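Report on the structure
The residues making up each chain are set out below.
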Amino acid sequence: MTDWKTRTKLVHDGIRRSQYGEMAEALFLTQGFVYPSAEAAEQRFIASGPDEFIYARYGNPTTRMFEDRMAAIEGTEDAFACASGMAAINGALMCQVKSGDHIVAARQMFGSCLHVLKVLSGFGVEVTLIDGADLANWQAAVRPDTKICFFESVSNPGLEVIDIAGVAKIAHAVGASVVVDNAFASPIFSRAVDLGADVVVYSATKHIDGGGRVLGGVVCGTQEFIRGPLETYVKHTGGAMSPFHAWILLSGLQTLDLRVRAQAASAAAVASSAAGHEKLARAIYPGLMDHPQHALAMEQMGSGGTMLCLDFKGGKEAAFRFLNALQIVSISNNLGDAKSIATHPATTTHKNLTDEDRATIGITPGLVRISMGIEDTSDLIADVMGAIAAA
Ligand SMILES: Cc1ncc(COP(=O)(O)O)c(C=O)c1O
């Protein structure tokens, strides 16, 4: 590990150059590798050296560059690249539990993550869902047989901030591992490992790509965990990342810091402009003083992040009028993209939940989630404020 600052690591860390000394990261679009002899093949299956690969589902030079760069910026010993954020989350949870084990998870969570927990319940893993914003709930839910405490550090879509250090203290007291989905915080506003997270997972599809081009995910943790249970599970169950996607994501990483900071600055400016508008029940942004976890967000992330939500008093009709009036911000459901995106969670990303479950995690019919892009801040303010007026 180097002592370079994040921006330098994002450009240089993990690079492996071939005999040609190429400047840019090379794309090794190969699934297999040739061995000089039968004995060398046998040896490689016993123990592979750092530049000895077997099959791309196990590892590939381009994918390994992405993994090494991610581990360097997250501050973990190692990382494993997965086919998507969900492959990463599925792997990080599945590889640690067996029937009879117990998981505590925050219920304010992306729908697909809740589905993975449901699948685990079907296999005899007991899952306790709690309101993760209140540490007392974690304390009440953990047990000696709790294996994992799992949560999104900033929840999708309600932007509740969960106290990583607080949960880690409670989890570690019973020997449980802390798995944090850090997609909304992004690696730029992450101090997850310093705060006690054992495993940090990203959907690389979001800020890491930053151009909405490819799916990807990554699990960051200790070498023992990553090259042990996690790699074993993912490589045998097929969730590994394509080398082509790793190559795209390596170029995404180079500009991650610049993009995410610009996005967060615009998110803060738009949230401040919208706050208190007569058409809104709430403008939700962790960087606003009235956010219930504002102080925690500042301590944990040093920023309010790139995401904000607007909750329209006029419900679904007003939210749809707002969405349809936007000129720059696109209606879509990815996030972390260079292009600003607005989503209506109740009818799209979270439509499979019951009305009651949506209400429990703050997804009202009037709620719109906005992922701020890197467009000019004044254009974004004008676009959002104009559309609010039209709502
Ligand atoms: C918080 C969160 N975690 C995980 C995922 C899943 O990521 P992917 O779409 O790359 O599988 C998403 C996707 O929207 C998400 O918002």
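Everything numeric here is computed off the predicted structure, so don't read it as measured data. (Residues numbered from 1 in each chain as written. Predicted model: local features only at pLDDT ≥ 70, side-chain atom pairs only at ≥ 80, totals over all residues. Heavy atoms only, no water.)

**Some words on the pairing of strand β5 (residues 177–181)**
The element β5 is largely enclosed, with a buried count of five among its five residues. Neither face of β5 is left uncovered, since the one carrying Ser-177, Val-179 and Asp-181 and the one carrying Val-178 and Val-180 both have all their residues buried. Where strand β4 (residues 146–152) lies against β5, five bridges are found, and the strand directions are parallel. Paired with Cys-149 across the bridge in β5 is Val-178. Crossover handedness for the path β4 to helix α7 (residues 164–173) to β5: right-handed. As defined by bridge partners, β5 adjoins strand β6 (residues 199–203) across three bridges and the pair is classed as parallel. Each bridged residue has a counterpart across the sheet, and for Val-179 the counterpart in β6 is Val-199. (Buried < 20%, exposed > 50% of the residue type's maximum accessible area, 1.4 Å probe, protein only. Helix = DSSP H or I, 4+ residues; strand = E, 2+ residues; numbered from the N terminus. Pairing = 2+ DSSP bridges. Right-handed = clockwise from strand over helix to strand, strands pointing away.)

**Observations regarding the packing of aromatic side chains**
Taken as a whole, this structure holds four aromatic pairs when the rule is applied. For the ring pair Phe-33 and Phe-53, a centre distance of 5.6 Å and an interplane angle of 35° mean the geometry is tilted. Highlighted residues: Phe-33 in the loop between α1 (6–12) and α2 (38–46) and Phe-53 in the loop between α2 and α3 (61–74), separated in sequence by 20 residues. With centroids separated by 4.9 Å and ring planes inclined at 40°, the aromatic side chains of Phe-312 and Phe-322 adopt a geometry described as tilted. Residue Phe-312 is located in strand β9 (residues 307–312), and its partner Phe-322 is located in helix α12 (residues 315–325); the two are separated by 10 residues in the primary sequence. Each member of the pair, Phe-312 together with Phe-322, is buried. The ring of Tyr-58 has Lys-235 sitting right over it, with the charged end atom 4.5 Å from the ring centre. (Phe/Tyr/Trp six-rings, centres within 6.5 Å; stacked < 30°, edge-to-face > 60°. Lys NZ or Arg CZ within 6 Å of the ring centre and 35° of its normal.)

**Section: the side chain of Ser-371**
In this structure, Ser-371 sits in strand β12 (residues 367–371). With relative accessibility at 1%, the residue Ser-371 sits in the buried group. Of note is the side chain of Ser-371, whose polar atom sits 2.9 Å from the backbone nitrogen of Gly-336. The contact partners of Ser-371, leaving out residues within four places of it in the chain, are Thr-306, Met-307, Leu-335, Gly-336, Asp-337, Lys-339, Ser-340 and Ile-341. (Polar contact = N/O pair within 3.5 Å; in protein donor to acceptor, adjacent residues only side chain to side chain. Contact = heavy atoms within 4.5 Å.)

**Observations concerning the domain arrangement of the chain**
Per the domain assignment, the segments of the chain are domain 1 (6–254) and domain 2 (256–390). Centre-to-centre separation of domain 1 and domain 2, based on C-alpha positions: 27 Å. Every contact between the two is made by 40 residues of domain 1 and, on the other side, 36 residues of domain 2. Taken over both partners, the interface formed by domain 1 and domain 2 buries close to 3100 Å², and the fraction arising from carbon and sulfur atoms is 64%. Put simply, Asp-257 and Arg-7 hold a salt bridge, and the shortest N to O gap is 2.9 Å. Of all the secondary-structure elements, those providing two or more residues to the side of domain 1 that touches domain 2 are α1, α5 (111–122) and α9 (243–254). (Domains from an automatic or database assignment. Buried area = accessible area lost by both parts, 1.4 Å probe. Salt bridge = Lys/Arg side-chain N within 4 Å of Asp/Glu carboxyl O.)

**What to know about the site of the ligand**
Among the 15 residues in the neighbourhood of the ligand, the closest are listed as Met-86, Asp-181, Ser-203, Thr-205 and Lys-206. In this structure, an oxygen atom belonging to the ligand sits 2.8 Å away from a main-chain N or O atom of Met-86. Between the ligand and the protein, one listed contact pairs an oxygen atom with a side-chain N or O atom of Thr-205 at 2.6 Å. Its free accessible area being 390 Å², the ligand has 91% of it covered by the protein chains. A per-element tally of the shell around the ligand places helix α4 (residues 85–94) first, with three residues. For the shell around the ligand, the class distribution of residues is six nonpolar, six polar and three charged. (Near = heavy atom within 4 Å. Areas by Shrake-Rupley, 256 points an atom, 1.4 Å probe, with all protein chains shown as cover. Nonpolar A, V, L, I, M, F, W, Y, C, P; charged D, E, K, R; others polar.)

**What to know about the sheet that holds strand β2 (residues 102–106)**
Spatial ordering of the open sheet is given by β1-β7-β6-β5-β4-β2-β3, a layout of seven strands whose pairing is mixed. Strand pairing shows two members of the sheet lacking a second neighbour, β1 (78–82) and β3 (126–130), which therefore form its edges. The sheet shows a mean angle of 20° between the axes of neighbouring strands, direction not considered. Inspection of the sheet shows β6 paired to strand β7 (residues 217–221) by four bridges, in the antiparallel sense. If you follow Ser-203 over to β7, its bridge partner there is Gly-217. Taken strand by strand, α4 contacts β1, β4, β5, β6 and β7, and its axis lies near 160° from that of β6. Lying on the sheet, helix α8 (residues 223–237) is in contact with β1, β6 and β7; it crosses β1 at an angle near 20°. (Axes fitted to C-alpha atoms, helices over the stretch in contact; angles between N-to-C directions.)

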